[in-house]
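# Close look at the chain arrangement
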Amino acid sequence: MIDTITDLPALRRHILEWRRAGLRIGFVPTMGNLHEGHYSLVELARAHSDRVISSVFVNPTQFGPSEDFTRYPRTPEADMTGLAAAGCDALWLPTVEGMYPFGVELASNIRLPGVADVLEGVHRPGHFDGVCTVVARLFNQVQPDVAAFGKKDFQQLAVIQQMVIDLAYPLELLRGEIVREADGLAMSSRNQYLSAQERATATVIHRTLRGMRDATLAGTSRLVVEAQAGLALAEAGFDVDYAAVRTPDLAEPSASSEAYAAPGPRVALIAARLGRTRLIDNIEFDLR
Ligand code: PAF
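The sections below set out a description of the structure shown in this document.

For the rest of this paragraph, the subject is the sheet that holds strand β7 (residues 239-246). With respect to topology, three strands assemble into an open sheet ordered β7-β8-β9, the strand pairing being antiparallel. The open sheet has two free edges, formed respectively by β7 and β9 (277-287), since each of these has just one partner strand. For this sheet, the mean inter-axis angle between neighbouring strands, taken without regard to orientation, is 10°. Where helix α9 (residues 203-217) meets the sheet, it contacts β7, β8 (264-274) and β9, and its direction lies at approximately 25° from that of β9.

Structure below.
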């Protein structure tokens, strides 16, 4: 059985008990509808701490007005069972009122310029403000020693890393590997929105990412790689937000693609829509 906590005083008592016992606390924040990707984060946190606490909170402030906040899948029973099986010790289930005591409109907002403004930031304006605003609160509530986030949300990790440094949170971020289905599709709560036909097409994303990596390693220029990937996705039926090759800081490359040919780590990222479902994925590699 997993301890389920629904109010802040109870959470604080729980955390204090662990602290008094000298235990190291690992944290896995989620929006629920958990899958193997989330459970691998629990295992990662477990390997770096004595107790693991996860949160499930579908955060209204990180969804745009036309996004899927109301239809976002909510599966509390299955989440509890899965978390317990994955070795999670406690589950923090805040309410919207508990998370935003003055209401969403009057909530203190954390806005990170720079890394939050590119890629997802262009296509989902305000999204990372909502993510930072809730993750900062969750860090204040749980006060973990380590917190695990998945690399599927590559930019989210970069944004949170910047926030942790900038706001001097005394914690270490753990980066969990992307967990994929057998056919390469990155696991995501949003995959279940896909029709059978869309689900089959969705595998094109990972294939395209590998193609972007291989073409970059073979010396094809960034702009050509990005254009070819965009075309391949569009031909498969995707509405493409971006197909981009970046350095891991996600800085916009300079106009000169030659400068971008310098060796070092790279990440290829895709965000694209199939019908009403928006999917993101990425692949990291080293340019030698
Ligand atoms: O990655 C997520 O599930 C969410 O963005 C997070 C980090 C739990 C904040 O709501």
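Close contacts around the ligand come from Pro29, Thr30, Met31, Gln62, Val134, Val135, Phe149 and Gln156, and that covers them all. Within the complex, 88% of the 290 Å² of free accessible area of the ligand lies under protein. Those elements giving two or more residues to the shell around the ligand turn out to be β2 (25-30) and α6 (127-142). Split by residue class, the shell around the ligand holds five nonpolar, three polar and no charged.

Structurally, Asp183 can be placed in the loop between β6 (172-176) and α8 (196-201). You can call Asp183 partly exposed: its relative accessible area is 39%. Sequence separation between Asp183 and Thr203 is 20 residues, and the spatial gap between their C-alpha atoms is 6.7 Å. Asp183 has contacts with Arg199 and Thr203, leaving out every residue within four places of it along the chain.

So, on to the sheet that holds strand β5 (residues 146-150). Taken in spatial order, the six strands line up as β1-β4-β3-β2-β5-β6 in an open sheet, and their pairing is parallel. The strands lining the two open edges of the sheet, one partner per strand, are β1 (3-5) and β6. The sheet shows a mean angle of 25° between the axes of neighbouring strands, direction not considered. Pairing of β2 with strand β3 (residues 51-56) involves six bridges; the strand directions are parallel. Considered in β3, the bridge of Phe27 is made with Ile53.

For β8, the tally of buried residues reaches nine of 11 residues, placing the bulk of the element in the interior. Where β7 and β8 come together, seven bridges link them in antiparallel fashion. Bridge pairing in β8 places Val245 opposite Ala268. Note that β8 and β9 share 11 bridges and pair antiparallel. In the strand pairing of β9, Val267 is matched with Glu284. Turn length for the β8-β9 hairpin, with the two strands adjacent in sequence and antiparallel, is two residues, and the turn residue Gly275 shows positive phi of about 60°.

Right, let's get into the side chain of Thr201. As for its placement among the helices and strands, Thr201 is situated in helix α8. Residue Thr201 is classed as buried on the basis of its relative accessible area, which comes to 19%. Among the polar contacts listed, one links the side chain of Thr201 to the backbone oxygen of Gln197, at a separation of 3.0 Å. In contact with Thr201, other than residues within four places in its own chain, are Ala236, Phe238 and Leu274.

Basis of the calculations
- Residues numbered from 1 in each chain as written.
- Predicted model: local features only at pLDDT ≥ 70, side-chain atom pairs only at ≥ 80, totals over all residues.
- Heavy atoms only, no water.
- Pairing = 2+ DSSP bridges.
- Helix = DSSP H or I, 4+ residues; strand = E, 2+ residues; numbered from the N terminus.
- Axes fitted to C-alpha atoms, helices over the stretch in contact; angles between N-to-C directions.
- Contact = heavy atoms within 4.5 Å.
- Near = heavy atom within 4 Å.
- Areas by Shrake-Rupley, 256 points an atom, 1.4 Å probe, with all protein chains shown as cover.
- Nonpolar A, V, L, I, M, F, W, Y, C, P; charged D, E, K, R; others polar.
- Buried < 20%, exposed > 50% of the residue type's maximum accessible area, 1.4 Å probe, protein only.
- Polar contact = N/O pair within 3.5 Å; in protein donor to acceptor, adjacent residues only side chain to side chain.

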